[in-house]
Amino acid sequence: MTATPNYDDEFDAIVVGAGLSGTAAALTMAKDGLDVVMLERGPSPGSKNVFGGVLYTPRIRELTDLSDAPKERYVAKKTYSMLSDAGDETSMSIAPAAWREEPHNDSWMVLRRDFDEWFADQAVEAGATLITETTVTDLIREDGTVVGVETDRPNGTLRAPVVVLGEGANSLVSEGAGLKRQDDRDNVAVSAKEVRKYDREKLEDRFHLDGEAGLAAHYFGDGAVGDAVGGAFLYTNKRTVSIGVVYSIEDAAHGERTPDEVLDQFKQHPAVAPLVRGGRMVEYSAHAIPEGGPDSMPDLVHDGAVIVGDAAGLVLNSGIHLEGTNMAVESGFHAGQAIADALDRGRSDAAALESYEQRLEESYVVQNLDHYGWFMDTAAEEKEFLFEELPHALGDATEEYFRMDDRPKDEHVSDAKSHILNASGGWFGMAKKAWKFRKMLS
Amino acid sequence: MDNGWNIVVCVKQVPDADDVSIDPDTGRLNRSDAEAVLNSPDYNAIEAALSLREAGGGTVTALTMGPPTAGEVLQVAVGMGADDGVLLTDRAFGGSDTWPTSLALARAAEELDADVVLGGEETTDSSTGQVPPGIAAHNGWAQLTYVEELEARPEEDRLVARRDVEGGYERVAAELPVVVAMGFGENTPRTADLHRKIYAETEFEPTEWDASDLGVEDEVGMAASPTQVGGMATADPVPREQSMVDSADELAEKIGEVR
């Protein structure tokens, strides 16, 4: 056979996983002139990835030209709906005019299979190397320092000064190598999602969309995910709709229904059924989401390695804000910069890579995680109120408020108030709850 | 020949069959979502070529015809262990059916001084199985089709094959040069070595030949292709009766009824 070169230490960095965080790191380093290789287990980047559907793009737009990216629709409208299992819907709809203008608040519905492949291509165009169908199975460590990776291929070890671990929520390599401990079960959410295909015109008529405008709809309450802490979503793509449920794996383990049954139930809610009627299912997926917040973040920096994206637990769920992919990109970007700086000084030890953690702490990523860290715990504490009593009370209250009968309106208002007050435990209980959730909008 | 055989393995880039669907509304084949991949029976041909080299020495050259992007399937072959790759690419080849395609491949195999030419038994995107016999016919070489297993006999300048035939198998010996069509799934294709894969996808450059390099510029393309497509029809799926049974006994009874 013609000679095969040995690539040990031919690359400055190995990126494990060509998802959004890994690719952002690779792109950042490649633009800085480093030789980077991305090792991706799927047949193409994105083929193994699952997320709800909205990607926030400020950093990506800075890193590369987003205009040719395979985007589906921008978020022109967001809705938040409380659903009760009795069929009530109480919702709020937000559609600022500014969202219709470029850059559309940097909020785009995308399909990961298309987008991640495109994003990885940008890294390749900047000089990075992408190797697919190659699963990293372990890290090579010498005297505690990560010096390379082991893959599932013959002659499958590869050494490089720095390894970037962007392997996603199911971070078996980082855990196996002792760089992070396995997530606690109550810090992990489970998601089931399906993508349904419709005639484009029909879809735009159904959701009142024109051009590239799209809808991001969020649902809470026992009409969305039953007796569990979580929520449901519906996002419109160009010709498809992504529908899914997300709730704590603890509830999934103890619940009577499987995630696909919870999703089916959600799709049958009277507020949702007409929106997803017809069409053809083209994709079905399930995924784990690390929602442990700031307390469950592992050490991000090690001798010869850094952890980015979902593997680092960088997901925000504040009830109002549901973010993860933008934080993945941000972490990859800061990691890439820190690695470039460290290698510039001929170093790859944890102390030299420490600036990654510092940059991330100063960025919105950790700031937001810290700010909203309380939410998931409080939501779990107040599960019955938030996910059962409130949706029903809101349904009853609005029904009462708008009731058409022979009584005067002030009686209806008073009855409506009492529905809410009853659910909240009177004025005192309501004040307590208001205090508890005051930070949600701040 | 002291340096071992010149082994040429023909490969083809095809749309990934898993991603090709028939649009239920229009009845048309939808290939737009499909990734371009190596034709799966060709993995068996590459594996057989590499095994032959291991048994008797020599070199393995992967050969393909297609647009410039078809070079990707040569990378797969080189990643698995092929020594080199040749890409036949020219607008003149566009629209060629199996006749001019096998002619171009036959000329290239001659140019490479091939002792053994291998290919997969057929491609997943056209399923004619005509190209390996076509190469043999154009060059007047021996052919071994639907091969399950090969045995190199370099000292006799012969290749022995176990062939799949109806009701069993036969063993046939062929004089070199010989064209082999490997049966799908007859061996276990090896996984590319990590460093070889990186080499194949980053540094390896295939040799490129056009129609005039092979002297076939007037004998390829649509005009030189005798195939005429008379029409296309889709077949409706046969309705199948379904029923649920509660026990194995009941199932056995049902099966008995059908028999």
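Along every chain, residues carry numbers that run from 1 in the direction the sequence is written. Chain letters start at A and ligand numbers start at 1, both assigned in the order the entries are written. Side-chain atom pairs in this predicted model are given and counted only at pLDDT of 80 or more, local residue features only at pLDDT of at least 70, and totals for whole chains, interfaces and linings cover all residues.

Secondary structure summary: chain A contains 17 helices and 20 strands in total. Counting other C-beta atoms within 10 Å of a residue's C-beta gives its exposure: the residue is buried at 20 or more, exposed at 12 or fewer, and partly exposed in between, where C-beta atoms are placed from the backbone. Scored against the burial criterion, the 442 residues of chain A give a buried share of 50%. Considering only residue pairs separated by 6 or more positions, chain A has 72% of its internal contacts joining residues 24 or more positions apart. Secondary structure elements are defined from DSSP: runs of H or I of at least 4 residues count as helices, runs of E of at least 2 residues count as strands, and each element is numbered from the N terminus. We call two residues in contact when their backbone-placed C-beta atoms lie within 7 Å.

Across its full length, chain B carries six helices and 13 strands. Projected onto its principal axes, the C-alpha coordinates of chain B cover approximately 65 × 45 × 40 Å. Of all 259 residues assigned to chain B, the portion counted as buried reaches 42%.

Another point: the pairing of strand β1 (residues 13-16) of chain A. Side-chain direction in a regular strand flips from residue to residue, so the side chains alternate between the two faces of the sheet. All names here are of chain A. Residues A13 and V15 line one face of β1 and the alternating positions I14 and V16 line the opposite face, and both faces are buried. A pair of strands is treated as paired once DSSP finds two or more bridges between them. Bridge analysis of β1 against strand β11 (residues 162-165) gives four bridges, and the strand direction is parallel. Residue pairing across strands places V15 opposite V164, the latter belonging to β11. With four bridges joining them, β1 and strand β2 (residues 36-39) adopt parallel strand pairing. When the sheet's bridge partners are listed, V16 is paired in β2 with L39. Following the backbone out of β1, through helix α1 (residues 20-31) and into the adjacent parallel β2, one traces a crossover that is right-handed. Orient the strands so they point away from the viewer; a crossover is then right-handed if the path from the first strand over the helix to the second runs clockwise.

Two strands in a sheet stick together by hydrogen bonds in their backbones, pointing the same way (parallel) or opposite ways (antiparallel). All names here are of chain A. If you trace the six strands from one edge of the open sheet to the other, you get β7-β2-β1-β11-β18-β17, paired in mixed fashion. The sheet is open, and its two borders are formed by β7 (129-131) and β17 (301-302), each paired with just one other strand. Working convention: axes come from line fits to C-alpha atoms, limited for helices to the stretch in contact. Angles between N-to-C directions cover 0 to 180 degrees. Where α1 meets the sheet, it contacts β1, β2 and β11, and its direction lies at approximately 165 degrees from that of β2.

Moving on, we come to the confidence of the model for chain B. Residues with a pLDDT of 70 or more make up 95% of chain B, whose mean pLDDT is 92. Our summary of model confidence lists the complex with pTM equal to 0.88 and ipTM equal to 0.86. A score from 0 to 100, pLDDT tells how confident the predictor is in each residue.

Residue and element names in this part refer to chain A. At a closest axis distance of 8 Å, the pairing of α1 and helix α3 (residues 112-125) adopts a crossing angle of 20 degrees. With respect to α3, the axis of α1 lies roughly parallel. In the packing of α1 onto α3, the handedness of the crossing is left-handed. Listed contacts from α3 to L20, T23, A26, L27 and A30 of α1 are D116, F119, A120, Q122 and A123. Only Asp, Glu, Lys and Arg are considered charged in this grouping, and only Ala, Val, Leu, Ile, Met, Phe, Trp, Tyr, Cys and Pro are considered nonpolar; every other residue, Gly among them, is considered polar. Grouping the amino acids of the contact of α1 with α3 by side-chain chemistry returns seven nonpolar, two polar and one charged. Roughly parallel means an angle under 35 degrees; roughly antiparallel, over 145; roughly perpendicular, 65 to 115; everything else is oblique. Here is the rule for handedness: rotate from the far helix to the near one, and if that takes an anticlockwise turn smaller than a right angle the crossing is left-handed, while a clockwise turn gives right-handed.

With that settled, the discussion passes to the nonpolar core. Any set of buried Ala, Val, Leu, Ile, Met, Phe, Trp, Tyr and Cys residues joined through C-beta atoms within 7 Å is what this text calls a nonpolar core. Core analysis: the biggest nonpolar cluster contains 189 residues, and M38(A), V9(B) and V180(B) have the highest contact counts within it. When residues in this core are grouped by element, the largest group, eight residues, is from helix α10 (residues 325-344) of chain A. Residues contacting V9(B), with those up to four places away along its chain left out, are A45(B), I46(B), A49(B), V60(B), A62(B), L63(B), A77(B), A82(B) and L118(B).

Let us look at the pairing of strand β6 (residues 58-65) of chain B. All names here are of chain B. Counting buried positions over the eight residues of β6 gives seven, a clear majority of the element. In terms of strand pairing, strand β1 (residues 5-10) meets β6 through six bridges, oriented parallel. Paired with N6 across the strands is T59, a residue of β6. The pairing of β6 with strand β7 (residues 84-88) spans five bridges and is classified as parallel. Paired with M65 across the bridge in β7 is L88.

For the rest of this paragraph, the subject is the environment of P67(B). Relative to the elements of secondary structure, P67(B) occurs in the loop between β6 and α2 (71-80). Between the C-alpha atom of P67(B) and that of G94(B), which follows or precedes it by 27 residues, the distance is 8.7 Å.

Glancing now at the domain arrangement of chain A. Residue and element names in this part refer to chain A. Entries for chain A in the domain assignment read domain 1 (13-70 + 111-180 + 293-362), domain 2 (186-290) and domain 3 (378-441). Either an automatic procedure or a domain database provided the assignment from which the domain bounds are taken. The centre of domain 1, based on its C-alpha atoms, is set 28 Å off from the matching centre of domain 2. Taken together, the eleven residues of domain 1 in the interface contact 13 residues of domain 2.

What follows concerns unusual backbone geometry. Cis geometry marks the peptide bond from E102(A) to P103(A), where omega comes out at -5 degrees. Relative to the helices and strands, P103(A) is located in the loop between β5 (89-94) and β6 (107-110). Note the cis peptide between L176(B) and P177(B), where omega equals -10 degrees. Examined against the element boundaries, P177(B) turns out to sit in the loop between β11 (168-175) and β12 (178-182). The backbone of E133(A) shows a phi angle near 50 degrees, a positive value even though the residue is not glycine. Tracing the sequence through the fold places E133(A) in the loop between β7 and β8 (136-142). Classification of E133(A) as partly exposed rests on a count of 15 C-beta atoms within 10 Å.

It is worth spelling out the sheet that holds strand β9 (residues 142-153) of chain B at this point. Residue and element names in this part refer to chain B. If you walk across this open sheet you meet the nine strands as β11-β10-β9-β12-β8-β1-β6-β7-β13, and the pairing is mixed. The outermost strands of the open sheet, each flanked by one partner alone, are β11 and β13 (207-209). The average undirected angle you get between the axes of adjacent strands in this sheet is 35 degrees. Lying over the sheet, helix α1 (residues 40-56) contacts β1, β6, β8 (116-120), β9 and β12, oriented at roughly 150 degrees with respect to β8. Along the sheet face, helix α3 (residues 98-111) touches β1, β6, β7, β8 and β13 and points at about 150 degrees away from the line of β6.

Turning our eyes to something else, we now look at the packing of helix α15 (residues 383-401) of chain A against helix α16 (residues 409-424) of chain A. All names here are of chain A. Two elements in contact, α15 and α16, have axes separated by 8 Å at closest approach and are oriented at 175 degrees. In terms of their interaxial angle, α15 and α16 are classed as roughly antiparallel. Counted together, F385, E389, L390, A393, D396, A397, E400 and Y401 of α15 and H412, V413, D415, A416, H419, I420, N422 and A423 of α16 form the full contact between these two elements.

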